[in-house]
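# Tertiary structure, described
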Amino acid sequence: DVKVTQSSRYLVKRTGEKVFLECVQDMDHENMFWYRQDPGLGLRLIYFSYDVKMKEKGDIPEGYSVSREKKERFSLILESASTNQTSMYLCASRGVSGANVLTFGAGSRLTVL
Amino acid sequence: RKEVEQDPGPFNVPEGATVAFNCTYSNSASQSFFWYRQDCRKEPKLLMSVYSSGNEDGRFTAQLNRASQYISLLIRDSKLSDSATYLCVVNPYSSASKIIFGSGTRLSIRP
């Protein structure tokens, strides 16, 4: 089974702090995604990476950046956290062959005070 | 209009009942369709893909109606453990990144 691991399940940060969310997958998947999930808004794509060092903005990239230096690792960075970035962050991966199925990590619940 | 729309529920049904929900999508060129299940405070997990001819997996049946642009999920003989939020997922262009999630339908099964 594909495993997607998010390093932090719960984080509490202060406004203005820099935040790193790490995601690692173990199935050599090319595609990796960062979503945030908020009540009533569903999952919204922040950034997508289709290969090492390759990235594409999603629907809500403002206030976020990403890094993909190795195939298995996709990091989400909040340069200066704000209270409206309090959310559940979900990382997912998918191979380019097969049935377009996304596999998610367990999520990182971030609270910005 | 949202690209993927679901009735948010909640659907509250007794154990053993049959329950069905639909999901409509706006892009007629959509290629791939899925149902995911998400338990409270957990990540979404694939329940089943939805194929053009319809498909069944145990108590779960998924149907696709391209003419009316909706997919459906039917759960027979519902169990307490079926209580969850069910997310409709559509991949409109067979593009790598354009995956659209519905906001989810909450299902609660009561004893």
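Residues numbered from 1 in each chain as written. Chains lettered and ligands numbered in written order. Predicted model: local features only at pLDDT ≥ 70, side-chain atom pairs only at ≥ 80, totals over all residues. Heavy atoms only, no water.

Residue and element names in this part refer to chain A. With antiparallel pairing, 4 strands are arranged side by side in an open sheet as β1-β3-β8-β7. A single partner strand is all that each edge strand has here, and the edge strands are β1 (4-6) and β7 (65-70). Across the sheet, the axes of successive neighbouring strands diverge by a mean angle of 20°, strand direction being ignored. (Pairing = 2+ DSSP bridges. Helix = DSSP H or I, 4+ residues; strand = E, 2+ residues; numbered from the N terminus. Axes fitted to C-alpha atoms, helices over the stretch in contact; angles between N-to-C directions.)

Turning our eyes to something else, we now look at the environment of Asn12 of chain B. Residues and elements named next belong to chain B. With respect to the element layout, Asn12 can be found in strand β2 (residues 11-14). By relative accessible area, Asn12 is classed as partly exposed at 48%. It is 24 Å that separates the C-alpha atoms of Asn12 and Val50, two residues lying 38 residues apart in sequence. Other than its neighbours up to four places away in sequence, Asn12 contacts Ser108 and Arg110. (Buried < 20%, exposed > 50% of the residue type's maximum accessible area, 1.4 Å probe, protein only. Contact = heavy atoms within 4.5 Å.)

Let us look at the pattern of salt bridges. In total, this model carries 11 salt bridges over all chains according to the counting rule given. A salt bridge links Glu56 of chain B to Arg76 of chain B, with the shortest nitrogen-to-oxygen separation between them at 3.6 Å. One end of the pair, Glu56 of chain B, is in strand β6 (residues 55-57); the other, Arg76 of chain B, is in the loop between β8 (70-75) and β9 (84-91), and 20 residues separate them in sequence. It is possible to trace a salt-bridge network through shared partners that takes in Asp28, Glu30 and Lys71 of chain A. (Salt bridge = Lys/Arg side-chain N within 4 Å of Asp/Glu carboxyl O.)

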